[in-house]
Amino acid sequence: MPLVSLKPMLTAAREQHYAVPAINVGNYETVCAVFEAAERERSPVIIQIFKRLVDQGDATRLAPLIRAMADRASVPVALHLDHGATIAQVMQTLRAGFSSVMIDASTLPLADNVATVRKVVEIAHSLDVAVEAELGHVPAATSDQIEAGLTDPGEAAGFVRDTGVDALAVAIGTAHGMYKKTPVLDFDRLEKIARVVDVPLVLHGGSCTPADALRRSIELGVTKINVATEYQNLFLEATKTELERLNGQFVPVDLFMKPVSAQLVEFVRARIQLFGSSGRA
């Protein structure tokens, strides 16, 4: 089926109390593994491309592949820009056929965040493309200031109303990358936010976040969970292991990648099962 919009996908997840995995990809193998896992689990899935790949040109090279694979897929797939930083990046992905975008102006003052998101919403909605934005700020896991940017529940309803955004990424104690210590999520804050907004909530920093914390966040209204670092690190580690196993023996690239891809598929399947989206396609 053609790529689908983020909005109905996450609305269904919100109504039925599960979350859709949003997996960051970077090459052919990481893309294919997400599709295979989603098909085997009969799950909707969100394929994400980080803003850096837009600037490098990789996003526009991967997008036709992903669109073609989605056309042949029997499960709903959204193609999403992750952490778009500029309107120029957003426009590039819209021209490439992405079905949803994130504009991340979370480091700006609130009024500037609202104004930037509202402008992107106007453009994207005219093309039937959904928009995610962030209120508060989810930092890198190396930061010592994770608690400094937590989302203010008192600002959430106004932010959603004033921007018209379709999904809201919240900062409740997760971070991007590999944690220095186990994160402690602020579920009281999440519960307050969920009470006052009427759009699906997004959790960034899903890599290495404890499973029980992810389950609890879903119970409280999170419908999209981003996984990037853990997935891509698995690709690198599995590739290294396969190289060491072969010890210089030549194997054609397609055959070399099979055991690597098998591990990627099982990783995504495990996240689908954890997030409760199996059988929801």
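This text goes with the structure placed above it.
The structure reproduced in this document is the subject of the present report.

1. Re the overall build of the chain
At step 1: A tally of helices and strands in the chain yields 11 helices and eight strands.
At step 2: Compactness check: the chain gives a C-alpha radius of gyration of 18 Å against a globular reference of 19 Å for 281 residues, within 12% of the reference.
At step 3: Structurally, the chain occupies a C-alpha span of about 60 × 40 × 35 Å along its principal axes.
At step 4: When the 281 residues of the chain are sorted by exposure, 54% land in the buried category.
At step 5: Considering only contacts in the chain between residues 6 or more positions apart, those separated by 24 or more positions represent 74%.
At step 6: Accessible surface for the chain amounts to roughly 12,100 Å². Of this, 53% is attributable to carbon and sulfur atoms.
At step 7: Side chains of the chain carry 27 positive and 33 negative charges; the gap between the two charge centres is 2 Å.

2. Some thoughts on the side chain of His80
At step 1: Residue position: His80 is located in strand β3 (residues 77–84).
At step 2: At 3.0 Å, the side chain of His80 forms a polar contact with the side chain of Glu132.
At step 3: Those residues in contact with His80 that lie beyond four places of it in its chain are Leu6, Ile46, Ile47, Gln48, Ile49, Phe98, Ser100, Val101, Met102, Glu132 and Lys224.

3. Details of helix α6 (residues 110–125)
Residues that lie three or four places apart on an α-helix share one face, since the helix turns once every 3.6 residues.
At step 1: The first and last C-alpha atoms of α6 sit 22 Å apart over 16 residues, in line with the 22 Å expected at 1.5 Å per residue.
At step 2: Turning to α6, its buried residues are Asn113, Val114, Val117, Val120, Val121 and Ala124. Along the axis of α6, the buried residues cluster in a sector spanning 135 degrees; they form a single face. Opposite the buried face of α6, at more than 90 degrees from it, the exposed residues are Ala111 and Glu122.
At step 3: Close packing links the buried residues of α6 with α5 (87–95), β4 (100–103), β5 (130–135) and α7 (153–163).

4. Quick notes on the pairing of β3
Consecutive side chains of a regular strand alternate in pointing toward one face of the sheet and then the other.
At step 1: Counting buried positions along β3 gives eight out of eight residues, so the element sits mostly inside the fold.
At step 2: A crossover links β3 with its parallel partner β4, the connecting element being α5, and its sense is right-handed.

5. What about the sheet that holds β4?
At step 1: Taking strand neighbours around the barrel as the criterion, the eight strands line up as β1-β2-β3-β4-β5-β6-β7-β8 in a closed arrangement whose pairing is parallel. Recorded for the sheet is a direction-independent mean angle of 25 degrees between the axes of neighbouring strands.
At step 2: In the packing of α5 onto the sheet, contacts are made with β3 and β4, and the angle to β3 comes to roughly 165 degrees.
At step 3: Sitting on the sheet, helix α9 (residues 211–219) is in contact with β7 (201–203) and β8 (222–227), with an inclination near 145 degrees to β8.

6. Things to note about helix α2 (residues 28–41)
At step 1: With 14 residues, α2 should cover 20 Å at 1.5 Å per step; its first-to-last C-alpha distance of 20 Å lies within 8% of that length.
At step 2: The buried fraction of α2 amounts to 10 of the 14 residues, a majority that puts the element mostly inside the structure.
At step 3: What α2 keeps buried is the set Glu29, Thr30, Val31, Cys32, Ala33, Val34, Phe35, Ala37, Ala38 and Glu41.
At step 4: Taken together, the buried residues of α2 touch β1 (20–24), β2 (45–50), α4 (58–72), β3, α10 (229–246) and α11 (253–275).
At step 5: A positive backbone phi angle near 55 degrees is found at Arg42, which sits one or two residues after α2.

7. Quick look at the pairing of strand β6 (residues 167–170)
At step 1: Burial along β6 is two-sided: the residues Ala167 and Ala169 and Leu168 and Val170 are all buried.
At step 2: Relative to β7, β6 runs parallel, the two being bridged by three bridges. From the neighbouring strand, Ala169 faces β7, where its bridge partner is Val202.
At step 3: Between the parallel pair β6 and β7, the chain is carried across by helix α8 (residues 187–196), and the sense of this crossover is right-handed.

8. A closer look at the nonpolar core
At step 1: Phe35, Ile49, Ile66, Leu168 and Tyr231 are the most contacted members of the largest nonpolar core, which totals 78 residues.
At step 2: For this core, the leading source of residues is α11, giving 10 residues.
At step 3: Residues within four places of Ile49 in sequence aside, it is in contact with Val25, Ala59, Leu62, Ile66, Leu79, His80, Leu81, Asp82 and Phe98.
At step 4: In terms of nonpolar packing, the next biggest core, distinct from the first, is built from 14 residues, Met9, Ala22, Ala167 and Ala169 among them.

Conventions we followed
- Residues numbered from 1 in each chain as written.
- Predicted model: local features only at pLDDT ≥ 70, side-chain atom pairs only at ≥ 80, totals over all residues.
- Heavy atoms only, no water.
- Helix = DSSP H or I, 4+ residues; strand = E, 2+ residues; numbered from the N terminus.
- Rg over C-alpha atoms; globule rule 2.2 N^0.38 Å.
- Buried < 20%, exposed > 50% of the residue type's maximum accessible area, 1.4 Å probe, protein only.
- Contact = heavy atoms within 4.5 Å.
- Areas by Shrake-Rupley, 256 points an atom, 1.4 Å probe, with all protein chains shown as cover.
- Lys, Arg positive; Asp, Glu negative; His and termini not counted.
- Charge placed at Lys NZ, Arg CZ, Asp CG, Glu CD.
- Polar contact = N/O pair within 3.5 Å; in protein donor to acceptor, adjacent residues only side chain to side chain.
- Expected span 1.5 Å × (residues − 1).
- Arc of directions from axis to C-beta.
- Right-handed = clockwise from strand over helix to strand, strands pointing away.
- Pairing = 2+ DSSP bridges.
- Axes fitted to C-alpha atoms, helices over the stretch in contact; angles between N-to-C directions.
- Core = buried A, V, L, I, M, F, W, Y, C linked by side-chain atoms within 4.5 Å.

Bear in mind that shape data such as this cannot, by itself, settle questions of function.
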